[in-house]
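One letter stands for each residue in the lines below.
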Amino acid sequence: MTINFGARGHDVTWATTPEELARGLAEYGVHNVQLALGRSFPELSGEEAVNPGMGSYFRRVMADRGVDIAVLGCYDNIIHPDPERRESILRKFEAYLRNARHFGAPIVATETGSVNHEGFAYTRDNFTDEAYGQAVKVIRRLVAYGERVGTIVGIEPGINHPIYNLDRVEQLLDDVDSPYLGIVFDPTALLDPQEPIDLAALTTAAFDRFGTHIVAAHVDDYRLVDGTVIRCDLGDGVLPVAQILATIAQRAPHLVVIMEETVNEAIARAVTAYV
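Residues numbered from 1 in each chain as written. Predicted model: local features only at pLDDT ≥ 70, side-chain atom pairs only at ≥ 80, totals over all residues. Heavy atoms only, no water.

*Asks:* Can you walk me through the packing of aromatic side chains in this structure?
*Replies:* We describe a pair of aromatic rings using the distance from one ring centre to the other and the angle between the two ring planes. All told, the structure shown has 5 aromatic pairs when counted by the stated rule. Measuring from centroid to centroid gives 6.1 Å for Y57 and F58, while their planes differ by 80 degrees, and the two rings are edge-to-face. Y57 gets classed as partly exposed once you look at its relative accessible area, which sits at 30%. Take F58: its relative accessible area is 1%, and that puts it in the buried class. Through successive ring pairs, a cluster of aromatic residues spans F41, Y57, F58 and F103. (Phe/Tyr/Trp six-rings, centres within 6.5 Å; stacked < 30°, edge-to-face > 60°. Buried < 20%, exposed > 50% of the residue type's maximum accessible area, 1.4 Å probe, protein only.)

*Asks:* Which parts of the structure should I look at to understand the sheet that holds strand β7 (residues 214–219)?
*Replies:* Hydrogen bonds along the backbone pair up the strands of a sheet, which may run parallel or antiparallel. Pairing is parallel around the closed barrel formed by 8 strands, whose spatial order is β1-β2-β3-β4-β5-β6-β7-β10. If you compare each strand with its neighbour and ignore which way they point, the axes differ by 30 degrees on average. The sheet contact formed by strand β6 (residues 181–185) and β7 spans 3 bridges and is parallel. Paired with V184 across the bridge in β7 is A216. Its contacts with the sheet put helix α9 (residues 265–274) on β1 (4–8) and β10 (256–259), and the angle it makes with β1 is roughly 165 degrees. (Pairing = 2+ DSSP bridges. Helix = DSSP H or I, 4+ residues; strand = E, 2+ residues; numbered from the N terminus. Axes fitted to C-alpha atoms, helices over the stretch in contact; angles between N-to-C directions. Contact = heavy atoms within 4.5 Å.)

*Asks:* What is the right way to look at the side chain of E111 in this model?
*Replies:* Counting through the fold element by element, E111 comes out in the loop between β4 (107–110) and α5 (129–149). One buried charged side chain, E111, makes no salt bridge at all; its nearest oppositely charged neighbour is R231, positioned 7.0 Å away. Not counting residues within four places of it along the chain, the set of residues in contact with E111 comprises Y75, D76, I78, F120, E156 and H161. (Lys, Arg positive; Asp, Glu negative; His and termini not counted. Salt bridge = Lys/Arg side-chain N within 4 Å of Asp/Glu carboxyl O.)

*Asks:* Teacher, can you tell me more about the pattern of salt bridges here?
*Replies:* Pairs can form between side chains of opposite charge once their charged atoms are near each other. Applying the stated criterion across every chain yields a total of 14 salt bridges. For the salt bridge of E27 with R23, the shortest nitrogen-to-oxygen distance reads 3.6 Å. Note that E27 and R23 are positioned in helix α1 (residues 18–28) at a spacing of 4 residues, about one turn of the helix. Its relative accessible area of 52% is what places E27 among the exposed residues. Note on R23: relative accessible area 29%, which makes it partly exposed. Residues E87 and R141 are paired through a salt bridge, measuring 2.8 Å at the closest nitrogen-oxygen approach. Linking E87 in helix α4 (residues 83–103) with R141 in helix α5, this pair joins segments that are 54 residues apart in sequence. Its relative accessible area of 29% is what places E87 among the partly exposed residues.

This is how it looks when you write it as structure tokens:
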């Protein structure tokens, strides 16, 4: 089984420069990064800071170590209930879309946010048609911009968001019909701790239903502790990792698979265990 592994940049927790990040990723044996500037290099992450030269610099530094910037992470509450805050978030996302090609990144990714003012805490208010409608309106705008600049908008479904299950994903793909809308599929993000499901079966179902729209995958292991999902290094929890990776390898060969919450030397251990 050949897996095209990557890691989130901020899971190389000791890296303080792009050069250190590139070195760490290469030494841990991964050739892709999901780069969230706001997490790894906050001073470089603002709408006005991101520019073509920055993108070219990051691309060159990573390429020197054999690492591709597979995804630019611009995760924020794109349906923030404060209109001014929402507009600021969307303008920043559009700046990332506009500059992504200079980073060599085909995808800029986010979750779909929450109707809550305070973070992404679980609320069933996100499951309403009204919340879904807000998400569709915003995603249409971002995808239209992505079409103009040639960058895919990657949407990650999650139980804390309006795109919270496979049905909503299919509905979104029907309502925003564009090759510039892609799905970043993370089975763990769809886990309701009150109603645990077989995440290997969920992964198979996702590929059956909309596999051609999946542009990247996340794998993050977990344990259930007192009804709460606790993330952990890959292989240290109960996620059926081997089954999920086998499905990905069969259904989408060489799809970028980004490890989440697997940090530092544990990245290398996971590569050795699953490649």
